[in-house]
Amino acid sequence: MNAKLSRRTFLGLSSAFVCGGCRSLFTGAAGDYDENLTLLFSDAHISGTEPEYAYTQRKLRAFVAEVLRLSPLPRNVVCFGDIARSFGKAEDYAASFGVWRELVDAGVRLTLGMGNHDRRERFLPVWPEYERRTRVPGRVVTVTDLGTCDLLLFDSLHEDHFDETRACDGNGELTGDQWDWMRAELPKWKRPVFVGSHHPVSEIKTGDAKALNDLLMDSPNVVGYVHGHNHVWYEYFASDRYKTSHTVRSVGLPSLGCYGDIVYATFRLGEDRAVITCRETEFLFPDPWAVE
């Protein structure tokens, strides 16, 4: 990628159907990692207490094993939220921690985000590095260097209650502190940047969705918007300003192992573009409720 890069030609999307720990990441040899490759997915929904959902843990283990067989390894792996099964239990994060750590121990840069089935108060004790890494105190807001562009993953989790029997509000939100930071930083971002969260723009709370759409459109280096939540791979325009030269394309990611499109997407950087490709292995609907 060179100085001729145009954000208008940077994002491409395609589809292919195929049959934190808190430790510092070690640095492998330069040839060990593909600096232009990132793997994206969402909605792992790992349970640490419910045997009927053990299949999601098997999906996670299979995914990590597949990643670790790649040569070279991807430089980044990013999850767009819903790490926990339903209610963000401490056992959910404990159950998946050791598997995620296999990526960390292999030197892959892992970024985890918050979804509406997560709980910050139970996630952060397991992943304390995110309290240091966040750009907005009290939220899990990260900026990941993807090579020649950045990924800003903001925290759209709306914790409207806290108990063991109900998920948080299905719609997303943006708090005042996040708004202040994003409004100050995004319009002056120095290189192409993808913005993402667990929720699609349309499912950010009323008022916030319009403001977020306007912010994406008014930030010249915003290339695209990436999200999870719906367990379905699809692309669309995040913005409705069709008569302008600055359009913002968006993609919904598959689920890692719960119902819907399975498993992940590849994010490949080229000389003047990025291509996101769905690597779908199966489709689950409804969930397989039985243990076997």
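Only a predicted model underlies this, so the values are computations on that prediction, with no experimental measurement involved.

Participant: Break down the nonpolar core for me, with residues and values.
Facilitator: Counting 40 residues, the largest nonpolar core has Phe63, Val77, Trp100, Leu112 and Phe123 as its most contacted members. Contributing elements (two or more residues each) for this core: β2 (33-41), α1 (54-69), β3 (73-79), α2 (90-105), β4 (109-112), α3 (120-126) and β11 (260-269). Those residues in contact with Trp100 that sit more than four places away from it in its chain are Phe41, Ala44, Leu60, Ile83, Leu110, Leu112, Trp127 and Leu256. One finds Val141, Leu152, Leu174 and Val248 within the second-largest nonpolar core, a separate group that totals 24 residues.

Participant: Run through the pattern of salt bridges, naming residues and quoting values.
Facilitator: This model, assessed by the stated rule, comprises 14 salt bridges. Notably, a salt bridge pairs Arg139 with Glu173, separated by 3.1 Å at the nearest N-O pair. With a gap of 34 residues between them, Arg139 in the loop between α4 (129-133) and β5 (142-145) and Glu173 in the loop between β6 (150-153) and α5 (176-185) connect regions that are remote in the sequence. On the basis of relative accessibility, which here comes to 13%, the residue Arg139 falls in the buried class. The buried category is assigned to Glu173, whose relative accessible area is 15%. We note a salt bridge from Lys210 to Asp214, for which the minimum N-O separation is 2.7 Å. Of this pair, Lys210 and Asp214 both sit in helix α6 (residues 208-217), separated by four residues, roughly a single helical turn.

Participant: Give a detailed account of the packing of aromatic side chains, specifying residues and quantitative values.
Facilitator: Here the structure, examined in full by the defined rule, presents 12 aromatic pairs. Cluster of aromatic residues (ring-pair linked, three or more members): Tyr93, Phe97, Phe123, Trp127 and Tyr130. Across the ring face of Tyr53, the terminal group of Arg85 is positioned such that the distance to the ring centre comes to 3.5 Å. The positively charged end of Arg183 is found above the aromatic ring belonging to Trp179, 4.5 Å away from the centroid.

Participant: Please set out unusual backbone geometry residue by residue, giving values where relevant.
Facilitator: The step from Ser71 to Pro72 runs through a cis peptide bond, and the omega angle for that step is 0°. Relative to the assigned elements, Pro72 resides in the loop between α1 and β3. Even without being a glycine, His231 presents a positive backbone phi close to 60°. Tracing the chain through its elements places His231 in the loop between β8 (222-227) and β9 (234-237).

Participant: Which residues make up the sheet that holds β6, and what are the values?
Facilitator: Ordered by their spatial adjacency, six strands build an open sheet running β5-β6-β7-β8-β10-β9, and the pairing between neighbours is mixed. The sheet terminates laterally at β5 and β9, the two strands that pair on one side only. Along the sheet, successive strands turn relative to each other by an average axial angle of 20°, direction set aside.

Participant: Would you mind going over the environment of Gly228 in detail, with residue names and values included?
Facilitator: Tracing the backbone shows Gly228 in the loop between β8 and β9. Distance from Gly228 to Leu253, taken between C-alpha atoms, is 5.0 Å for residues 25 residues apart in sequence. Sequence-distant contacts of Gly228, defined by excluding residues within four places in its chain, comprise Ser42, Asp43, Phe80, Ser197, His198, Pro200 and Leu253.

Participant: Which residues make up a nonpolar patch on the surface, and what values go with them?
Facilitator: The grouping of Tyr259, Phe283 and Phe285 at the surface amounts to a nonpolar patch, some 350 Å² of accessible area in total. Inspection of the secondary structure puts Tyr259 in the loop between β10 (249-252) and β11. We classify Tyr259 as partly exposed; its relative accessible area is 33%.

Cut-off values and rules
Residues numbered from 1 in each chain as written. Predicted model: local features only at pLDDT ≥ 70, side-chain atom pairs only at ≥ 80, totals over all residues. Heavy atoms only, no water. Core = buried A, V, L, I, M, F, W, Y, C linked by side-chain atoms within 4.5 Å. Buried < 20%, exposed > 50% of the residue type's maximum accessible area, 1.4 Å probe, protein only. Helix = DSSP H or I, 4+ residues; strand = E, 2+ residues; numbered from the N terminus. Contact = heavy atoms within 4.5 Å. Salt bridge = Lys/Arg side-chain N within 4 Å of Asp/Glu carboxyl O. Phe/Tyr/Trp six-rings, centres within 6.5 Å; stacked < 30°, edge-to-face > 60°. Lys NZ or Arg CZ within 6 Å of the ring centre and 35° of its normal. Pairing = 2+ DSSP bridges. Axes fitted to C-alpha atoms, helices over the stretch in contact; angles between N-to-C directions. Patch = residues over 30% accessible without salt bridge, like charges linked within 9 Å, V, L, I, M, F, W, Y side chains within 5 Å. Areas by Shrake-Rupley, 256 points an atom, 1.4 Å probe, with all protein chains shown as cover.

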